Amino acid sequence: MTREPLELLKSMARHAIGLGHRQAMEYADDVMLLPGNTYSDETQFALEMDRIFGRLPLILGPSSELAAPGDFKTMKIGKASIIVARDKSGQIRGYMNACRHRGVKVTEESCGNASRFVCPFHGWTFGIDGKLIGISAREDFGDVEKSALGLREFPVLEKAGMIWAIVNPDTNLTIEPFLKGYDEILALFGFSEWKFFSKRSFKCPNWKLSFDGYLEFYHVPVLHGETFGRDTTNRGLYYTWGPHQHIKTPDLTPDHVATETLGYMARIADLAEAEWDLETMSYGVWTVFPCISIASFGGGGRGVMISQVLPGENVGESTTYQYYIMENLPETQELADRAEAQFAFLQEVVEREDIAMAYSIQDTLPGSHIENLYLGRNELGNQNFHSWVAKVVAAEDDEALVRLFEQSPVAHGVPPKERAEA
Ligand code: FES
Ligand SMILES: [Fe+2]
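Fair warning: this is a prediction, and the values are worked out from it, not measured in the lab. (Residues numbered from 1 in each chain as written. Chains lettered and ligands numbered in written order. Predicted model: local features only at pLDDT ≥ 70, side-chain atom pairs only at ≥ 80, totals over all residues. Heavy atoms only, no water.)

Draft legend 1. Layout of the overall build of the protein chain. Counting secondary structure elements, the protein chain contains 13 helices and 21 strands. Dimensions of the protein chain, computed from the C-alpha atoms along their principal axes, are close to 80 × 55 × 40 Å. Relative to its 422 residues, the protein chain shows a buried fraction of 55%. Taking the contacts inside the protein chain whose residues are at least 6 apart along the sequence as the reference set, 65% of them involve residues at least 24 apart. On the protein chain, roughly 18300 Å² of surface is accessible, and the fraction owed to carbon and sulfur atoms is 49%. (Helix = DSSP H or I, 4+ residues; strand = E, 2+ residues; numbered from the N terminus. Buried < 20%, exposed > 50% of the residue type's maximum accessible area, 1.4 Å probe, protein only. Contact = heavy atoms within 4.5 Å. Areas by Shrake-Rupley, 256 points an atom, 1.4 Å probe, with all protein chains shown as cover.)

Draft legend 2. The domain arrangement of the protein chain, seen in detail. Domain parsing of the protein chain yields domain 1 (5–56 + 176–419) and domain 2 (67–165). Computed over C-alpha atoms, the centres of domain 1 and domain 2 are 32 Å apart. Tallying the contact residues gives 20 residues for domain 1 and 13 residues for domain 2. Between domain 1 and domain 2 the total buried area reaches about 1300 Å² when both faces are included, carbon and sulfur atoms providing 67% of it. There are 3 salt bridges connecting domain 1 and domain 2. Measuring nitrogen to oxygen at the nearest pair gives 3.0 Å for the salt bridge that ties lysine 159 to aspartate 183. Counting across the domain 1 and domain 2 interface gives 4 residue pairs in polar contact (both at pLDDT 80 or more). Put simply, the parts of the chain that give the side of domain 1 that touches domain 2 at least two residues each are α2 (42–53), α4 (182–186) and β18 (303–311). (Domains from an automatic or database assignment. Buried area = accessible area lost by both parts, 1.4 Å probe. Salt bridge = Lys/Arg side-chain N within 4 Å of Asp/Glu carboxyl O. Polar contact = N/O pair within 3.5 Å; in protein donor to acceptor, adjacent residues only side chain to side chain.)

Draft legend 3. Layout of the UniProt feature "domain: Rieske" (unreviewed entry) in the protein chain. The UniProt entry lists residues 59–165 under the feature "domain: Rieske" (unreviewed entry), expressed in the numbering used here. Secondary structure content for residues 59–165 is 4% helix and 42% strand, and the end C-alpha separation is 6 Å. (UniProt positions renumbered as here; feature names shortened; annotations may be inferred.)

Draft legend 4. Just the nonpolar core, in detail. Within the largest apolar cluster, 90 residues are counted, with the highest numbers of intra-cluster contacts made by Leu60, Ile82 and Trp286. Ranked by the residues each element gives to this core, the list is headed by helix α1 (residues 5–21), at 7 residues. Beyond its immediate stretch of four places on either side in the chain, leucine 60 contacts Lys73, Met75, Ile77, Ile82, Val84, Phe154, Ile163, Ala165, Val167, Gln308 and Tyr323. Within the second largest apolar cluster, 16 residues are counted, among which are Ala85, Val106, Cys119 and Ile135. (Core = buried A, V, L, I, M, F, W, Y, C linked by side-chain atoms within 4.5 Å.)

Draft legend 5. Seen up close, the sheet that holds strand β15 (residues 244–248). A sheet is described by the order of its strands in space; here 8 strands give the open sequence β13-β19-β18-β17-β16-β15-β14-β21, paired in antiparallel fashion. Edge positions in the sheet fall to β13 (195–204) and β21 (410–411), since each of these pairs with one other strand and no more. Here α1 sits on the sheet in contact with β14 (237–241), β15 and β16 (285–288), set at roughly 155 degrees to β14. (Pairing = 2+ DSSP bridges. Axes fitted to C-alpha atoms, helices over the stretch in contact; angles between N-to-C directions.)

Draft legend 6. Quick peek at the packing of aromatic side chains. Tallied over the entire structure, the rule returns 22 aromatic pairs. Judged by centre distance (5.8 Å) and plane angle (85 degrees), the rings of tryptophan 207 and phenylalanine 385 are edge-to-face. Here tryptophan 207, found in helix α5 (residues 207–212), pairs with phenylalanine 385, found in helix α11 (residues 380–394); they are 178 residues apart in sequence, far enough to count as distant. Each member of the pair, tryptophan 207 together with phenylalanine 385, is buried. (Phe/Tyr/Trp six-rings, centres within 6.5 Å; stacked < 30°, edge-to-face > 60°.)

Rendered as structure tokens:
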């Protein structure tokens, strides 16, 4: 990264405020066509699972969710059942939830704190670090190399207060080249010191369909007219680190229910730059490819909602997990109630409004005789996302994948036409 993260954050705020004062906007070069079967094609979905979810680093959750040694959770990512755990030394580990004897899940718990996992079938015992500790009736079982039969582990990296992993024990790739320095700017939040407040989940349709809603503000005053208000902005600016995108609005409407979430810069727009505070500058949506969106909120104290859209086993299924983490846990019941009310509100907005639209699309599109969908010049975030899905899927081997990320520009606050040279 060539510029200091704080300077970059400031330059994005400066850029958004500058456009805001002129009531100007920035657009994609063209309207983009998206094949009508993009959310339902099974061959495409299988490729996405293999080449995106099976190859790229994913954020599995915030560090604060697994704060203490022994904390673990289980997840299903496509066909992979996994365990993420903090071992006794404080190191985060990720491994397959499949016993090396005959493949049973070593735990059925969704989360907990443990020092070991005892397989329910024949009692093989694995440490919280995934190593095989004990084989039942070892003298009868026969000769096997115990040290080679730990749970199959995949690469995990804790950075910027997030747990990143490549969910593939056979990968030859490392995580960092795919972050494009985005972790450094996310680190400005200080998430590694934040606290875990709560988590919710709900069923959703196709993962791309469910994720599209986080990538544009165009729909907000219409779809969220009752919840956010009809005066909410419908304009977003996109700042990119490879496929990862930060979105904030250039709209300078004074305090609004969506100030933190949509990244209104009005609170600092008329102040000298030296007075700009880190918190306001960081307002807006921060997406991490392929399936994470982080949005600020203010109810009950400073916090963010991390949304994670995990594909299911079939093309038309996914699950959204919402993690609420806060800079400080609410100190009074009143503040806790306000935070809880904020989360309930955000879940309602997403589930009853965004996801309802996604289900409607999933229901109607396959039989609609519509060949192409259209992503407007004002929907650059979705254009970027779908282009990256296509590029990653098209990268046939690891080398091509690494090259793709190496060559992708990091572009901050420059018009799209200049992005290519940025
Ligand atoms: S399958 Fe786990 S001990 Fe047999
Ligand atoms: Fe929405």
